[in-house]
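Observations on chain architecture
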Amino acid sequence: MIKQPASIFNDVIGPIMRGPSSSHVAAANRIGNLVRQMVKGDLKDATVEFDSKGSLATTYHGHGSDIGLVSGLLGLNPTDDRLPKSLDLAIQKGIKVNFKIVDHEVKHPNTYRMTLINDINETLHLTAISVGGGMIEIQEIEGLEVSIAGDFYETIIFVEDVDEIELKQKTEKIMTLIKNFDFCDYSLRGKSGLIDIKTGYRLPVNVIRQIQNTGRIRNIIQLEPILPIMSRKNCAVPFRSAEEMLQIASEKKLKLWELAVMYESARGNISQQEVFEKMKEIVVLMKSSIEAGLRGTSYEDRILGPQAYLIEKNKDKLIPGDVTNKVISYITSMMEVKSSMGVIVAAPTAGACGGLPGTIIGASEVLGLNIDEMTKGMLAAGIIGVFIAEKSGFAAEVGGCQVECGAGGGMAAAGLVELVDGSAVQAVDAASIALQNILGLVCDPVADRVEWPCLGRNVMAGVNAIASANMVLAGYDKVIPLDETLTAMDEVGRMLPLELRCTGLGGLSITPTSKRIYNELKLRSEKR
């Protein structure tokens, strides 16, 4: 299958979720929901293995991979208020879930190897990964290669007793039975084959029967999509780089938010008005989350209590700066909602969910801008995120915190330029400066919680965005173009040692204070 272009609503602004981490909770929930659709009957037993050298071995509990995965297996969506209690719910439903740390070679640090058993002792084996920002991929089912991201309706056909020639012939025959499909791939292991048909609709029952009647079919599974924006064959977008985009901006005299709408409309096969309204709904939700945080949050299993209100309370003692201080307060508020398992939007990730919305919404309110102007700012930020998604992705386990909080700051810088009616070139240059400023930013969460130094780094992202936007608006030279900056950021991230990529094995994670807080939280949890 041809790799699909990144989507603003799939890859960058979203998912809408609960939990401390999108690459752990939301991604695990999506994996669980796809797996749930594969298991026939009632699930009774699930064994999940994490590689001892991967990031999940040390972070799967503190970052919420366990509750995310089990919530998906139970059929809960990422915003369900029962998600934090999903492990208890599984026990109540008689489902045994076992997480194991084992030694096995994996290509990706966020790899899930799973064995599922249903109520009549049928077994299913699969491998999946979380690629960052809530995006996932099922890579293997019963030892057979697949690539399932949740952006299509999938019909998975298991074939027995075939060789490669016979499997290819059967695939071609099945393709003639389907009137309209996007992609059809097959894989073989030994004498067992798998055919994966991707469509924009669920194949009707009569077609499934026809497929079954072709013979040697052991099983057929149909999966519903889990992403907000569907993919399709021949998906063409107007540009794939910042340079190409700015050429269009120059030719058509377009602002950055208009280019974002143009792109996502083409990517998602939806109207430009629908793109704008969808982003507007997200901005309204973000504002609601910030307001909830300012009213105060409570949650036992976290390091920090409410602090967002302190900026307003102590404003007379602060270094003056209306926009900066408002942004700090709003970023803190969003992070506190996240840490209390409230509903937030991962933008671009849950661990970095405060920097972008706190900056855009906070600055907009100080500037007296309305919700439509905020939406334009968020769209401008979103298209910068598309380029980051294409180049490096948003997983700190792969590229450090530079691709999470750092990315949020770069996106926010572009959004701020849009808010004050700057040009597309200025917005892109502001993003480049902001990203240059954070190259090498490590990910080393304290006490296995996505709270600290995450809060400070989200705030830094906002302040960095303000400074970078003002530098460009004042006429500063960005020196390195955005496309080159993104290449450098990806290369730097892969140079970071494993210990500094969200594994809890280096930096602040292993300080005596971090270990003490971890033990205190663990003891508190055991007493509950």
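Residues numbered from 1 in each chain as written. Predicted model: local features only at pLDDT ≥ 70, side-chain atom pairs only at ≥ 80, totals over all residues. Heavy atoms only, no water.

Taken together, 4 strands build an open sheet; the order of strands is S9-S10-S8-S11 and the sheet is antiparallel. Each of the sheet's edge strands pairs with one partner strand only, and the pair in question is strand S9 (183-189) and strand S11 (217-223). Neighbour to neighbour, the strand axes of the sheet diverge by 15° on average, direction disregarded. Two elements, strand S8 (residues 153-159) and strand S10 (residues 192-199), share 7 bridges in a ladder whose sense is antiparallel. Bridge pairing in S10 places Thr155 opposite Ile197. Docked against the sheet, helix H6 (residues 164-177) engages S8, S9, S10 and S11, running at close to 155° with respect to S9. Together, S8 and S11 form the strand contacts of helix H7 (residues 205-212), whose direction differs from that of S11 by roughly 155°. (Pairing = 2+ DSSP bridges. Helix = DSSP H or I, 4+ residues; strand = E, 2+ residues; numbered from the N terminus. Axes fitted to C-alpha atoms, helices over the stretch in contact; angles between N-to-C directions. Contact = heavy atoms within 4.5 Å.)

Before going further, it helps to examine the nonpolar core. Counting 92 residues, the largest nonpolar core has Ile13, Leu256 and Ile383 as its most contacted members. Among the elements that make up this core, the one with the highest residue count is helix H14 (residues 371-391) (11 residues). Counting 38 residues, the second-largest nonpolar core is a separate cluster that includes Ala28, Leu69, Phe99 and Leu194. (Core = buried A, V, L, I, M, F, W, Y, C linked by side-chain atoms within 4.5 Å. Buried < 20%, exposed > 50% of the residue type's maximum accessible area, 1.4 Å probe, protein only.)

This brings us to the packing of helix H9 (residues 256-268) against helix H10 (residues 272-295). With their axes 8 Å apart at the nearest point, H9 and H10 run at an angle of 110° to one another. Considering the angle they form, H9 stands roughly perpendicular to H10. When the axes of H9 and H10 are compared, the crossing they make is right-handed. Seen from H9, the contacting residues are Trp257, Val261, Met262, Glu264 and Ser265; seen from H10, they are Gln272, Val275 and Phe276. Split into classes, the residues belonging to the contact of H9 with H10 amount to 5 nonpolar, 2 polar and 1 charged. (Parallel < 35°, antiparallel > 145°, perpendicular 65-115°, else oblique. Left-handed = near helix turned anticlockwise from the far one by under 90°. Nonpolar A, V, L, I, M, F, W, Y, C, P; charged D, E, K, R; others polar.)

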